[in-house]
Amino acid sequence: MDLELTPEQKLIRDTARDFAQKEVAPQAARIDKEHRFPSELIAKMGELGLMGIAVPEAWGGAGMDAVSYVLALEEICKACASTGVIMSVNNSLVCDPLVKYGTEAQKSEWLVPLATGKKLGCYALSEPEAGSDAAAQKTSARLDGDEWVVSGTKNFITNAPKADVVLVFATTDASKKHHGISAFLIPTNAKGVTVGPPDDKMGIRGAHSSQVFFDDCRLPASALLGAPGDGFKIAMSTLDGGRIGIAAQAVGIAQAAFEAATKYAMERKTFGKPIAEHQAIQFKLADMSTDIDAARMLLWRAATVKDEGGKFTKEAAMAKVFAAEVANRVAKEAVQVFGGYGYLADFPVERHYRDAKITEIYEGTSEIQRLVIAASVLRD
Ligand code: CAA
C-alpha cells in the first residue's frame, strides 16, 4: 500500500477540511442540541462534489476513488458526525449500488440528482425483526401484472425523514431464502409509503432516522435494481463499502476527541503544572494517538483494496470493527482527561462520546464484523 497521497487526494482532503472547519464545526454543537438536520450544509456539500465522490463525472459525481472518499469523510465527521453519516449513507449505500447495478434510466433519474446533492437517498434493509440477521426479511414484494406491490416495515433508516428515494430490500420469493430477496428504488413520495417521525437518539442527533412503512405500494417494473433474487448480494456488497464509510466516521470522531483532549491537557493545570505534564495523562494521549493511527491505516488499506478492484469484505470489516472500538475508547478517555468538565454538554467531548457509540452498532455490529472476519480467515 502506497501511503503517499496523490495531489488529487490531498486536494479533496484539504477542500473537505477547509469546509468542515469553517462551516460545519461551528454548527455541530447546535445541530446536536436541537436535533437539527443540516439541510444547508448538505446542499453546499453537493456543490463541492462531496455527495457523490466516487460517482463518475458523467453521472454528476466527482469521479474520485475510495481513498479520496474516506479522506473527505473523516474531515466532515471530525467536525460533525451527524453531517458525516448523512454524506456516508448517500455516497456508500445509495450512489455506489446505483453505479454498480443501475440501468441507464435509473442512473439518469436518481444518480445525477443524488451525486450533486439535489436529492438525498437512504438504504432500507433493517426491520423490526431483521437487524443482524439481514436475510430474515419480512418486507415482501409481489408481482401483480407488470407492477410490483411492496408491503412491510423498515427500521432505523438513516436519512429517511429527508430522503427522496429509498433503496428497499424485500422478499420476492420466500421459498428461495436469501436468493429470493430483491432490491427496489422507491420514491419516498410514492403512494403507499409512510415515513415515521425521527427517532430520538443518544447521538448523531442531526442525522434523522425513522421507520418507513410500505402499504401495498405499487411500483413499475423499472423500480427493480439488479435482477430478481440479487437483492441480498446487492445489500451485502453495498455494506462492504458502507463499512469503510463508518470506519472513516469513527476515525473522524476519534481524531476530534483526541485533539480536544490534547489541547485541554496543555491548558488545564493541577498540582502546579499543566495536566499534560503528568504521566497519567501522557500515557492516555500516547495510547489514543497510536490507536487512531492504527485505525486510519486499516481504513486506508480497505479503501485501497476497494480501489484496486479486489474483494474487500474482510478489510472493510476489520477497519470498521477496529475504528469503531477506537472511537469509543478514545472518546471515553477524552472525557476522562476533561474530568468533570468532560461530563458537561458545554464541551465537545461529551458529544463525541455519545456519537461514537453508534459506530459499533450500525452497518453491522462489532459482533457481526467479527463473524465476517472469522468467515474469511477460516475460508481463505
Ligand atoms: N458480498 C457479496 N455477497 C455476499 C457478501 C458480500 N460481502 N456476504 C455474503 N454474501 C453472499 C454469500 O456469498 C452467500 O451467497 P450464496 O448463497 O449465493 O453463496 C449469501 O450472501 C449468504 O451469505 P451468508 O450465509 O454468509 O449469509 P448470512 O445470512 O449468514 O448473513 C451476515 C451474513 C454477515 C450476518 C449478514 O446478515 C450481515 O451482514 N448482517 C448485518 C446486517 C447489517 O450490517 N445491517 C446494517 C443495516 S444498514 C445501516 O445500518 C445503515 C445506517 O443506518 C447508516
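A. Region of interest: the overall build of the protein chain. When helices and strands are counted, the protein chain shows ten helices and ten strands. Relative to its length of 380 residues, the protein chain is compact, with a C-alpha radius of gyration of 21 Å against a globular reference of 21 Å. Looking at the protein chain as a whole, 55% of its 380 residues qualify as buried. Pairs at least 24 apart in sequence give 72% of the contacts found in the protein chain among residues at least 6 apart.

B. How the structure looks around the packing of aromatic side chains. Inspection of every chain in the model, using the stated rule, returns five aromatic pairs. For the ring pair Trp148 and Phe184, a centre distance of 5.1 Å and an interplane angle of 65° mean the geometry is edge-to-face. In this pair, Trp148 is assigned in strand S3 (residues 147-158) and Phe184 in strand S5 (residues 181-187), connecting sequence segments 36 residues apart. In this structure, Trp148 and Phe184 share a single accessibility class: buried. Measuring from ring centre to ring centre gives 5.7 Å for Tyr341 and Phe347, while their planes differ by 65°; the resulting arrangement is edge-to-face. For Tyr341, a relative accessible area of 40% translates into the label partly exposed. Each member of the aromatic cluster is reached from another via a ring pair, and the members are Tyr264, Phe338, Tyr341 and Phe347.

C. Seen up close, the packing of helix H4 (residues 81-101) against helix H6 (residues 231-267). Viewed as axis vectors pointing N to C, H4 and H6 meet at an angle of 155°, and their least axial separation amounts to 9 Å. By the angle between their directions, the pair H4 and H6 is classed as roughly antiparallel. When you trace H4 past H6, the crossing you get is right-handed. On H6, the residues touching Ala81, Val85, Ser88, Ser92, Leu93, Pro97, Lys100 and Tyr101 of H4 are Lys233, Ile234, Ser237, Thr238, Leu239, Gly241, Gly242, Gly245, Ile246, Gln249 and Ile253. Of the residues that constitute the contact of H4 with H6, the class distribution is nine nonpolar, eight polar and two charged.

D. Representation of helix H10 (residues 366-379). Given a rise of 1.5 Å per residue, 14 residues ought to cover 20 Å, and the 20 Å separating the end C-alpha atoms of H10 matches this to within 8%. All of the buried residues in H10 are Ser366, Ile368, Gln369, Val372, Ile373 and Ser376. The buried residues of H10 occupy one face: seen down the axis, they fall within an arc of 165°. The exposed residues of H10 that point more than 90 degrees off its buried face are Glu367, Leu371, Leu378 and Arg379. In this structure, the buried residues of H10 make contact with H6 and helix H8 (313-338).

Reading the values: the criteria
Residues numbered from 1 in each chain as written. Predicted model: local features only at pLDDT ≥ 70, side-chain atom pairs only at ≥ 80, totals over all residues. Heavy atoms only, no water. Helix = DSSP H or I, 4+ residues; strand = E, 2+ residues; numbered from the N terminus. Rg over C-alpha atoms; globule rule 2.2 N^0.38 Å. Buried < 20%, exposed > 50% of the residue type's maximum accessible area, 1.4 Å probe, protein only. Contact = heavy atoms within 4.5 Å. Phe/Tyr/Trp six-rings, centres within 6.5 Å; stacked < 30°, edge-to-face > 60°. Axes fitted to C-alpha atoms, helices over the stretch in contact; angles between N-to-C directions. Parallel < 35°, antiparallel > 145°, perpendicular 65-115°, else oblique. Left-handed = near helix turned anticlockwise from the far one by under 90°. Nonpolar A, V, L, I, M, F, W, Y, C, P; charged D, E, K, R; others polar. Expected span 1.5 Å × (residues − 1). Arc of directions from axis to C-beta.

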